[in-house]
Amino acid sequence: MSQTNSSLLDEVVQWSQETCRLKLKSVLPKLTSLHHESESWDDNIRILKIITDMFLPHIGLSELEEECFSKILPKAVTVFNGMMKEILNQVGGLSSQNSELCSLIRDILQALMQIIDALSSCVRHVGSFEDAPELDAIRSLPTYILRILRETFQHCKDSEVVYCGRLSLVADLLQGLFKEAYSLQKSLLELLDRISLTSSASDEDVSDIVTVIHNLLDICLIISNLDIALHANTWKFLIKQSLKYQSLLEDRLHHGEIINSLCDNLLASFHNCVELTEQIKHAGLQETTQSPEYKLFQKTAKMCRFFANTMVHYIKEFKIFLTKYCSCFHQVYLKIISKFPPSIHAPTLPSALSEELNAAALVPMEAFLLQLLPLRPFAEVVLQEDLRLSPEHQLPQCLLLVKVLDQLSSQPEDVLQLWYTGSQFSEDSPRLPLYKALFASFKRCHSERQIPVLLPGVMMKGQAQVLVTLHQHVCVHLSASVAALPPLNFSVLERCLLEAVLQPDTQTALLATDVWCFTARYGTAELCLHHVLFIAQLVKACTAECYQSVHLGLLLKRMVFFMTPVHQMELVERFSPSESENLRVWQNVLLRALSQDARHRVETDILGLTQKALINWQNGGCKLGEVSNVNLVLFSLLVVVQGQTSPDEQLVSSAMRIVMQLWLQMIPQQVQIHPVLQCSLQLLLSISAVLVKNMEQQVILQALLCVDSVLSQGCAETQVVLAALDFLSSLGKIFIPSESQSQILPKLSSLFGVLLSHKSWLIHQHALEAFSQFAELTNHEEVISQSLCDGSTKTKVVSYLSKTVNTQEDTDSQLQRLKLESAVIEQHNARLESMEENDLNKQSCDAEADSEPCPKRARQEAGFEEEYNRYIQTAESALKALQALMEREVSSGTPPPPQWLESRLQELQSLITQINVARHTT
């Protein structure tokens, strides 16, 4: 600086305020020019302080921008930035030994505070005017101050990295610098809050406000971890200004940056709250409300609530501009819900802290979701067909869909159609109907259904609210939505229910069954009839082996209970039990659900059909290829006998004749080979377990021999073994006569011993249950002791009877196991669905190939030998049964065999001779 300029400054600093006022017009231009031209930081700061302290108070509001701010503020920012760069260049050599450098950096920091103080003087002067200033009167002030504030806060935020272990040498000055910047920002925001733009504001004014808002957004990103109060106040002003000038700014604001920042801040404060609660819990400070940790948690929770409510308000006002950020909103909702019970990934928190966190984050999510419901992009995100979520977000997604169901009742028609119907046109983004999406989401919550997670149930009159499973929670809310569903959407509901029942996951099918049953009860009797007839037709069309048949059968079984007697008779007429093709329907109906007339009709028709099928099979030579038809009627007979609450002598007598005839046809060697005979064995065992009190001892022995033979070869299906256990358990109800005990009781003990030591956990568990039921009822106590010869088996039985609990599985191990099981279940369901699609494709191909002749089947030489063996075994079994019958009658003193028996035996002997002659001839 020249000697003349230096003399001017030395002279000016001696002036009084009155002299400054009088010489303002002549001296101020010189000072601003010197400030702009000077290269020395010290001179720049000196001139800046002279202008702001001595001349600024005398400048009118209308002249501030043109005469002062526009001339001094750009240079002030340049100097400020230069000083910051100098610190970064010099800080590497900073140490307590290098006193000269330490002094230099401290001097620079003090100079920075002087610049901020000068700017504060500018803000205070503008604020001193009684009338609020126009924006164009101070246009440069907010822009340049915000630049300096951004640099200051960034430097303070990075101080630990910048000063790298030497922070203590300048910590006092950095703290002072932050306080000065904090004060400056507070004053600036108060000043800007006084300014008001009208609808006729110039484009330049609007651009300036937009710039202020975006600059404040940048500052928010910097100060988020510096000071909670500063961060909150900055956001409050930013949102307030955005809403204050909404009509002027809405198409200019960077909505994406604002909403993404809000989402990030909400999640950050929420996760900080969760971490603090865990720290407080582990330190045992939850009861100490005056601890620093607890106070910090409360402040952080307030910030969380602030950001949640702010986001709700912002979405409400600017939702038309936020449609492209719906995926972000969806993720925010899932991430927050996943940290609250009943999520298995949520931390366990003390009740007081949990309630505060719930109020801070969970409660605002209700209003958050309500604002998003009308947005088509949000529905498209939530209802994606191939929505891929992490395991911890599966349950939150399910609960989100339940919340949507709850809130839709208050929405207009267009919103209902958006969610209920799914995508309607090819050009639409694919989205599932809400009901279908909810069933699919529930299906993916494998672990949560197994633990199970618990949610608040619906409060009932006179009853306290209780916790219920996820299944119950979803079922209640689904049913409530069905009750309020507009008739227009009922067809969509029916389609979704049917699809859910027909998919592989059994528990999802059960949920759909529950909701369907509610629909039947809530609707008219005619609607129930319509549904039952439709379901019965599907059951009739299904193959017995498919999972869809099981699910539909369960649904039909429950729906029949809701029918009127007249409609039940109509069902009987439509699907007459006297026709074999309708038996699949009646195999899935509990006869006690029917009226007396309908039940009598069904029982009579099924018994008649069973007897007819058995006679036809026997008259046809008991061919193996016809056994499946016999099994079909046996299954129906099982339904009839199981439906007997009080024994009907005629029915029991007819059923026993059928069962006895079939037991005499069961040859153990054949059962081992042919799966269809194992199915027959399973059905006979199940029927015999019901009719055991009416069974003859020889038939019981025949049943035990068959079971023993199949088990000894290790070829028994699980269903056969379970039916055998039911039969063995039922034998505890009867007393075995002394003449049969030597044959039956050892075999019974042997079978129990084998099954109680079975390697399959499923069979072992059922064996324990069956054995305990047998032991509770039987008079043959020697069977119990003889079944428990093995010490290990005896220990397991004793543990089961005493209800001893094995080693408890810890939570982490349980979750890990459930995770592995979920993967297996998903693969299994996917395989079933793939098999179903292949079957459909195969059926389509077969239909296309019907016009071509079928190729001849290759001759199978082994088949002839097998057929000979089958007929010989049948004959041998029948003759042995006849011999046993004659021996029993002789020993019991009953009348001799009928006279025609001898002639029939001679005819058989002649037939055997003819067969031998024919064999030698060939």
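Going by the structure above, here's the rest.
So, here's what we can say about the structure. All residue numbers refer to position in the chain's written sequence, counted from 1. Two thresholds apply to this predicted model, a pLDDT of at least 70 for residue-level local features and 80 or more for giving and counting side-chain atom pairs, whereas whole-chain, interface and lining totals are computed over all residues. The side-chain quantities take in all heavy atoms of the structure and omit both hydrogens and water.

### Section: the side chain of Gln246
Structurally, Gln246 can be placed in helix α12 (residues 246-249). A 1.4 Å probe rolled over the protein chains alone gives each residue an accessible area, and that area as a share of the maximum for its type sets the label: buried under 20%, exposed over 50%, partly exposed in between. Gln246 sits in the buried class, given a relative accessible area of 18%. Secondary structure is summarised from DSSP: a helix means a run of H or I of at least four residues, a strand means a run of E of at least two, and numbering begins at the N terminus for each.

### Structural notes on the nonpolar core
Take the buried Ala, Val, Leu, Ile, Met, Phe, Trp, Tyr and Cys residues and link them wherever side-chain atoms come within 4.5 Å; each set so joined is a nonpolar core. Membership of the largest hydrophobic core comes to 289 residues, with the highest contact counts inside it found for Phe55, Trp419 and Trp663. Among the elements that line this core, the one with the most residues is helix α6 (residues 99-127), at 15 residues. Look past the residues within four positions of Trp663 in its chain and what remains in contact with it is Leu681, Leu684, Leu685, Ser688, Met695, Val699, Gln702, Ala703 and Cys706. Contacts: residue pairs with any heavy atoms within 4.5 Å of one another.

### Describing the side chain of Thr421
With respect to the secondary-structure elements, Thr421 resides in the loop between α19 (413-420) and α20 (434-444). The term polar contact refers here to a pair of N or O atoms within 3.5 Å; inside protein, the definition further demands a hydrogen-donor-capable atom paired with an acceptor-capable atom, and it admits residues adjacent in sequence only when both atoms are side-chain atoms. Polar contacts involving the side chain of Thr421 include one to the main-chain carbonyl oxygen of Gln417, which spans 2.5 Å. With residues near it in sequence (within four places) discarded, Thr421 still touches Leu416, Arg431, Pro433, Asn489 and Val492.

### Concerning helix α22 (residues 470-483)
Residue pairs spaced three or four apart in an α-helix point in one direction, given the helix's 3.6 residues per turn. In this model, α22 (14 residues) spans 20 Å end to end at C-alpha, consistent with the 20 Å of a helix rising 1.5 Å per residue. Of all 14 residues in α22, 10 are buried, a share of seventy percent or more. Within α22, burial applies to Leu470, His471, His473, Val474, Cys475, His477, Leu478, Ser479, Ser481 and Val482. Between the first and last residue of a helix there are one fewer steps than residues, each counted as 1.5 Å, and that sum is the expected span.

### Considering the environment of Asp605
Position of Asp605 among the secondary structure elements: in helix α29 (residues 596-619). In this structure Asp605 comes out as buried when scored by relative accessible area, which is 16%. Here Asp605 is in contact with Ser576, Pro577 and Ser578, once residues within four sequence places are set aside.

### Some details on the packing of aromatic side chains
Each pair of aromatic rings taken from Phe, Tyr and Trp, with Trp reduced to its six-membered ring, is defined by centres within 6.5 Å and is described as stacked if the planes are under 30 degrees apart, edge-to-face if over 60, and tilted in the remaining cases. The full count for this structure, using the stated rule, is 14 aromatic pairs. With centroids separated by 4.6 Å and ring planes inclined at 35°, the aromatic side chains of Tyr314 and Phe318 adopt a geometry described as tilted. With a gap of four residues between them, Tyr314 and Phe318 both fall in helix α14 (residues 292-318), about one helical turn apart. Its relative accessible area of 0% is what places Tyr314 among the buried residues. Ring centres 5.3 Å apart and planes at 50° place the aromatic pair Phe752 and Phe774 in the tilted group. Here Phe752, found in helix α36 (residues 738-756), pairs with Phe774, found in helix α37 (residues 761-777); they are 22 residues apart in sequence, far enough to count as distant.

### Quick notes on a positive patch on the surface
Here, patches come from residues exposed beyond 30% relative accessible area and free of salt bridges, joined within 9 Å for like charges and within 5 Å for nonpolar side chains (Val, Leu, Ile, Met, Phe, Trp, Tyr). We get accessible surface area from the Shrake-Rupley algorithm with a probe of 1.4 Å; when it comes to residues, only the shown protein chains can shield them. Definition used for salt bridges: Asp or Glu carboxyl oxygen within 4 Å of a side-chain nitrogen of Lys or Arg. We count Lys and Arg on the positive side and Asp and Glu on the negative side, and we leave His and both chain ends out. By convention, the charge on Lys lies at NZ, on Arg at CZ, on Asp at CG and on Glu at CD. A cluster of basic residues, Lys295, Lys299, Lys302 and Arg305, forms a positive patch on the protein surface. When you line up the elements, Lys302 lands in helix α14. With a relative accessible area of 57%, Lys302 lands in the exposed category.

### Observations regarding the pattern of salt bridges
Oppositely charged side chains are able to pair whenever their charged atoms sit close together. One pass over the full model with this rule turns up 20 salt bridges. Put simply, Arg106 and Asp172 hold a salt bridge, and the shortest N to O gap is 2.9 Å. On the criterion of sequence distance, the pair formed by Arg106 in helix α6 and Asp172 in helix α9 (residues 171-194) is long-range, its members being 66 residues apart. On the accessibility criterion, Arg106 (22% relative accessible area) is partly exposed. The shortest N-O distance in the salt bridge between Asp505 and Arg449 comes to 3.0 Å. Of this pair, Asp505 sits in the loop between α23 (490-501) and α24 (506-522) while Arg449 sits in helix α21 (residues 446-450), and the two are 56 residues apart along the sequence. Taking the relative accessible area as the measure of exposure, Asp505 reaches 5% and is therefore buried. Take Arg449: its relative accessible area is 10%, and that puts it in the buried class.

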